[in-house]
There are 2 protein chains.
Amino acid sequence: MGSLTEENYIKSIYALSQATGEVYVSELAKKLEVKLPTVNSMIKRLAAKKLVAYAPYQGIKLTEKGKKEALGIVRKHRLAELFLVKVLGLGWEEVHDIAEQLEHVNSSRFYERIDELLDYPKFDPHGEPIPDSSGKIHAQKGTSLSDLAEGLTATITAVTEDEKSFLDHLNAKGLQIGDSVTVMKREFFDGSITLQHKSKKEILLTHQVAERIWVEV
Amino acid sequence: MGSLTEENYIKSIYALSQATGEVYVSELAKKLEVKLPTVNSMIKRLAAKKLVAYAPYQGIKLTEKGKKEALGIVRKHRLAELFLVKVLGLGWEEVHDIAEQLEHVNSSRFYERIDELLDYPKFDPHGEPIPDSSGKIHAQKGTSLSDLAEGLTATITAVTEDEKSFLDHLNAKGLQIGDSVTVMKREFFDGSITLQHKSKKEILLTHQVAERIWVEV
DNA sequence: TTTAAATATTAGAGCAATCTAACATTTTAT
DNA sequence: ATAAAATGTTAGATTGCTCTAATATTTAAA
Ligand SMILES: [Mn+2]
Ligand SMILES: [Mn+2]
Ligand SMILES: [Mn+2]
Ligand SMILES: [Mn+2]
């Protein structure tokens with residue numbers, strides 16, 4: 001197990017390389033809010049520890065060892081978030097920042113007990129899958145709400161963003177995991193969509209918001 | 001709020017200066033498992049931040065500001081320990097090491113909710129008082145079992161040591177907070193004592209153990 | 001009261017993690 | 001194809017926290 005900083009790099013590399021399998025120094029620098037040379041020197045350290053594979057001017061990839069460590073941290077993060085919601089009664093919009101800290105707690109006992117108390121959950125409060133203790137994860141993501149055709153009805157399964165401001169926005173619109181929504185109108189000009197929702201009210205979402213909401217038809 | 005390292009120094013200074021109001025560099029070095037010059041240089045930094053008062057070759061004292069910060073950390077540590085026992089079902093012997101990590105979590109929401117869930121507890125699983133959110137603490141310690149006269153019966157209220165090996169030892173002897181014990185014999189030679197306990201068995205404790213157990217007659 | 005032992009401080013160094021400034025490479029635009 | 005822009009790397013410095021070796025002060029012993 002590495003330092004807190006190292007764990008945060010590994011986790012970010014994992015998250016940002018999900019799509020293409022690799023991530024660039026500049027993307028990491030932005031995400032971690034540090035300068036490029038800082039990332040550059042850390043990547044070299046991680047490479048020396050065989051956690052990432054990297055050649056100058058190329059994308060950064062996690063090794064198997066790195067991936068395993070990343071999944072362990074993601075597991076702790078998501079278990080912590082669900083725990084904070086289910087046991088401590090916090091809102092889904094306020095748990096991410098606390099989980100950022102709890103994910104670094106080094107205690108298998110602690111996470112075993114949380115896992116058991118929550119009855120071995122499969123998803124976190126944002127609908128993201130929780131890797132099991134061996135690192136297996138079910139990455140079934142379905143469709144983005146921004147791609148759902150007009151007239152179709154679907155159920156919200158996840159949001160791929162857990163920043164407070166985003167979730168506060170959804171709370172204000174009254175949207176939650178499990179809600180059924182129907183796309184009434186998709187605007188060609190800006191990609192915004194109008195939804196019919198159980199609240200009976202029509203809800204307007206910008207593309208920026210809709211693309212972070214995932215649904216199952 | 002300072003760094004994790006700084007918080008650990010402040011907490012140790014608080015703990016070790018309880019008795020006399022001050023603590024020496026060598027005592028801190030031993031407790032924190034670092035060398036003397038390490039403590040020396042850190043103390044200077046803490047003094048620059050007005051967290052401790054210190055003059056070369058003199059004892060180290062916490063300032064009011066330092067004391068306030070120490071009590072905040074102690075509060076979080078003890079709330080965490082009780083939470084781990086009451087909510088997660090861990091044993092009193094295994095919670096200290098986890099609490100050492102949780103005490104550094106920076107989230108008032110997290111600790112507010114734990115406090116509420118536990119119904120604003122006054123004591124941790126080892127019988128140590130939990131400072132309230134303003135830093136007030138009830139330091140009623142009573143008598144050490146090592147000072148209890150032969151023939152007297154008293155109730156165990158606290159243990160002033162939460163290392164696993166010590167608590168494992170008490171578990172093996174069957175002693176718990178709240179138990180009633182009677183001193184049958186006190187040995188002059190080595191300070192060891194023999195107790196009568198609800199388990200009906202006689203229990204022999206060395207002085208080293210008895211002095212860490214506190215009772216109320 | 002002089003010496004020895006214990007304790008504390010200073011000097012100088014190393015590593016992790018960060019930065020700025022300068023330089024190099026790769027990608028994109030003209 | 002060349003220039004400009006974007007991206008990445010190297011060099012060198014800083015801060016926090018730690019160390020060893022050398023020196024100083026205080027306390028205890030002879
Ligand atoms: Mn999160
Ligand atoms: Mn989440
Ligand atoms: Mn403890
Ligand atoms: Mn305790």
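Here, the structure is the one placed above.
Attention here is on the structure that accompanies the text. (Residues numbered from 1 in each chain as written. Chains lettered and ligands numbered in written order. Predicted model: local features only at pLDDT ≥ 70, side-chain atom pairs only at ≥ 80, totals over all residues. Heavy atoms only, no water.)

**Here we look at the overall build of chain A**
In terms of helices and strands, chain A carries eight helices and eight strands. Whereas a compact globule of 217 residues would reach a radius of gyration of roughly 17 Å, chain A reaches 19 Å, a difference of no more than 12%. On the principal axes, the C-alpha backbone points of chain A span a range of 55 × 45 × 25 Å. Taken over 217 residues, chain A has a buried fraction of 46%. For chain A, long-range pairs separated by at least 24 residues make up 59% of all intrachain contacts whose partners lie at least 6 apart in sequence. Per element, the accessible surface of chain A, about 11500 Å² overall, is 53% carbon and sulfur. Here chain A carries 29 positive and 32 negative side-chain charges, and the mean point of each set is 4 Å from the other. (Helix = DSSP H or I, 4+ residues; strand = E, 2+ residues; numbered from the N terminus. Rg over C-alpha atoms; globule rule 2.2 N^0.38 Å. Buried < 20%, exposed > 50% of the residue type's maximum accessible area, 1.4 Å probe, protein only. Contact = heavy atoms within 4.5 Å. Areas by Shrake-Rupley, 256 points an atom, 1.4 Å probe, with all protein chains shown as cover. Lys, Arg positive; Asp, Glu negative; His and termini not counted. Charge placed at Lys NZ, Arg CZ, Asp CG, Glu CD.)

**Side note on the protein's contact with DNA strand C**
Residues in contact with DNA strand C amount to 21 residues; listed here are only the nearest, S3 and T38 of chain A together with N40, K44 and Y54 of chain B. Sugar plus phosphate, as a fraction of atoms of DNA strand C within 4 Å of the protein: 74%. One nitrogen or oxygen atom from the side chain of R45 of chain A is found 2.9 Å from a phosphate oxygen belonging to DNA strand C. At 2.8 Å from a phosphate oxygen of DNA strand C is found a main-chain nitrogen or oxygen belonging to Y57 of chain B. At the level of elements, helix 1 (4-16) and helix 3 (36-48) of chain A together with helix 2 (25-32) and helix 3 (36-48) of chain B are the ones that each hand at least two residues to the surface near DNA strand C. Sort the elements by how many residues they give to the surface near DNA strand C and helix 3 of chain A lands first, with five residues. Of the residues that constitute the surface near DNA strand C, the class distribution is twelve nonpolar, six polar and three charged. (Near = heavy atom within 4 Å. Polar contact = N/O pair within 3.5 Å; in protein donor to acceptor, adjacent residues only side chain to side chain. Nonpolar A, V, L, I, M, F, W, Y, C, P; charged D, E, K, R; others polar.)

**As for the sheet that holds strand 6 (residues 193-197) of chain B**
Residues and elements named next belong to chain B. The strand order 3-8-4-5-6-7 describes an open sheet built from six strands, whose pairing is antiparallel. Sheet topology places strand 3 (143-144) and strand 7 (202-205) at the edges, where each strand pairs with a single neighbour. Across three bridges, the pairing between strand 4 (residues 153-159) and strand 5 (residues 180-186) is antiparallel. Following the sheet pairing, T155 is matched in strand 5 by S180. (Pairing = 2+ DSSP bridges.)

**Here's the deal with the pairing of strand 4 (residues 153-159) of chain A**
By the bridge criterion, four bridges tie strand 4 of chain A to strand 8 (residues 213-216) of chain A in an arrangement that is antiparallel. What sits directly across from I156 of chain A, in strand 8 of chain A, is V215 of chain A.

**Observations regarding the interface of chain A and chain B**
Taken residue by residue, the interface counts 19 residues in chain A and 19 residues in chain B. Together chain A and chain B conceal approximately 1500 Å² of surface at their shared face, both sides included; 66% is due to carbon and sulfur atoms. Summed over the three residues of chain A that lose the most area to chain B, namely L88, Q101 and F110 of chain A, the buried surface amounts to 33% of that side. The closest approach of N and O atoms between E94 of chain A and R109 of chain B, which form a salt bridge, is 2.8 Å. The interface formed by chain A and chain B includes six residue pairs in polar contact (both at pLDDT 80 or more). At the level of secondary structure, the elements contributing two or more residues to the side of chain A that touches chain B comprise helix 4 (64-86), helix 5 (96-102) and helix 6 (108-117) of chain A. Tallying contributions element by element places helix 6 of chain A first for the side of chain A that touches chain B, with five residues. Its residues assigned to classes, the side of chain A that touches chain B shows eleven nonpolar, five polar and three charged. (Buried area = accessible area lost by both parts, 1.4 Å probe. Salt bridge = Lys/Arg side-chain N within 4 Å of Asp/Glu carboxyl O.)

**Observations concerning the protein's contact with DNA strand D**
Lining the immediate environment of DNA strand D, one finds 21 residues, of which N40, K44 and Y54 of chain A together with S3 and T38 of chain B sit closest. Among all atoms of DNA strand D positioned within 4 Å of the protein, those belonging to sugar or phosphate total 75%. In this structure, S26 of chain A approaches DNA strand D through a main-chain N or O atom, which is 2.8 Å from a phosphate oxygen. Within the residue set of the surface near DNA strand D, elements represented by two or more residues are helix 2 (25-32) and helix 3 of chain A together with helix 1 (4-16) and helix 3 of chain B.

**Quick notes on the nonpolar core**
Within the largest apolar cluster, 35 residues are counted, with the highest numbers of intra-cluster contacts made by L102 of chain A together with L102 of chain B. With sequence-adjacent residues up to four places away left out, L102 of chain B is seen in contact with L102, V105 and F110 of chain A together with A80, L84 and Y111 of chain B. (Core = buried A, V, L, I, M, F, W, Y, C linked by side-chain atoms within 4.5 Å.)

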